[in-house]
Every structure is written in structure tokens, then in C-alpha cells.
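Read off the chains here:
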Amino acid sequence: ADREDYLPGCVMVIGGIKEITASIERASISWAGIISTNPAFKLNGSAGPDSTHPFIALKGRVPCKVVGPVKKGELLVTSAHPGYACSATPSDSSNAVLGRALENFNGDFGVIEVKV
């Protein structure tokens, strides 16, 4: 994947050539998390540089790339658009939920605050 895919807010899954890669499947249960903008704790900080070992938000509020529309309070899952989340549907596995939207978004592609 392109380095662009690993910028803060990018939704990641376990797998690919490296340990994690940008998500490309809707409602994947292999989600790893969202690339953190400003991690409070840097676990495995000595594993490698941000370009090869980006920090994943484990808990808290984090900006997340989303495909709209998204309503505040909705559960989010990976989308078919690389590195983006989307609103969950009732048929999605509960194991696919990676966070909850903290704000509304009515556009096509954007970034919102998410609780993980």
C-alpha cells in the first residue's frame, strides 16, 4: 500500500504484506484500529519508525476517515474504500465494530472524531 494510506485517521486491518494494512473490505472482523494522530502512550515504540510501525489508537477519541453519511452515535465498521470507516448496519457482525461516531458527517469522504 501507498504511504498515503498510513496517515493519521486511516482505518487498518491485520494482514497484507506487513503486519497491518489499510482496510479494503466492508465490515471486516480483522480490523486493527485507526492510526493515531497524537498517541498518549507509544507501546512498542522501539519496534520501528512510524512509516513501518504506525501507532494505533487503542482507546479514547481519535480522528477517523469516514464515508458518509454518518450520524453521531452510530457504530462504525471498515468500508470498501481503502482506509475508511462507514456506518454499521444491523446485519454486520458485532465483532466488526471498530468505534462510535462522535459527530455527524453528511459528505462523501471526510474525517470525524470517533470513540474507540
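See the structure printed just above.
What you see is a predicted model; the values in this text were computed from it and never measured.

A. Structural view of the overall build of the protein chain. When helices and strands are counted, the protein chain shows zero helices and nine strands. Listed by position from the N terminus, the elements making up the protein chain come as β-β-β-β-β-β-β-β-β. Sorting the 116 residues of the protein chain into buried and exposed places 38% on the buried side. Considering only contacts within the protein chain whose residues lie at least 6 apart along the sequence, 55% involve residues at least 24 apart. Carbon and sulfur atoms provide 54% of the accessible area of the protein chain, an area that totals close to 6,800 Å².

B. Broad picture of the pattern of salt bridges. In total, this model carries two salt bridges according to the counting rule given. Residues Asp-92 and Arg-26 are paired through a salt bridge, measuring 2.8 Å at the closest nitrogen-oxygen approach. Of this pair, Asp-92 sits in the loop between strand S7 (85-87) and strand S8 (99-101) while Arg-26 sits in the loop between strand S2 (20-22) and strand S3 (31-35); the two residues are 66 residues apart in sequence, bridging distant segments of the chain. The closest approach of N and O atoms between Arg-61 and Glu-113, which form a salt bridge, is 3.5 Å. With Arg-61 in strand S5 (residues 61-67) and Glu-113 in strand S9 (residues 109-115), this pair connects stretches of sequence that are 52 residues apart. Note on Arg-61: relative accessible area 61%, which makes it exposed.

C. Spotlight on the pairing of S5. The buried fraction of S5 amounts to five of the seven residues, a majority that puts the element mostly inside the structure. The sheet contact formed by S5 and S9 spans seven bridges and is antiparallel. Looking across to S9, one finds that Val-67 is bridged to Phe-109.

D. Seen up close, the nonpolar core. If you look at the biggest cluster of nonpolar residues, it comprises 14 residues, and the most contacted ones within it are Ile-34, Cys-64, Val-66, Val-70, Leu-76, Ala-85 and Ile-112. If you list the elements that add at least two residues to this core, you get S5 and S9. Looking at this core, the element that brings in the most residues is S5, giving three residues.

E. The sheet that holds strand S4 (residues 56-57), seen in detail. Taking strand neighbours across the sheet as the criterion, the four strands line up as S2-S1-S3-S4 in an open arrangement whose pairing is antiparallel. Two strands close off the open sheet at either side, each with one partner strand: S2 and S4. Here two bridges tie S3 to S4, and the two strands are oriented antiparallel to one another. When the bridges of S4 are listed, Ile-35 appears paired with Ile-56.

Parameters and conventions
Residues numbered from 1 in each chain as written. Predicted model: local features only at pLDDT ≥ 70, side-chain atom pairs only at ≥ 80, totals over all residues. Heavy atoms only, no water. Helix = DSSP H or I, 4+ residues; strand = E, 2+ residues; numbered from the N terminus. Buried < 20%, exposed > 50% of the residue type's maximum accessible area, 1.4 Å probe, protein only. Contact = heavy atoms within 4.5 Å. Areas by Shrake-Rupley, 256 points an atom, 1.4 Å probe, with all protein chains shown as cover. Salt bridge = Lys/Arg side-chain N within 4 Å of Asp/Glu carboxyl O. Pairing = 2+ DSSP bridges. Core = buried A, V, L, I, M, F, W, Y, C linked by side-chain atoms within 4.5 Å.

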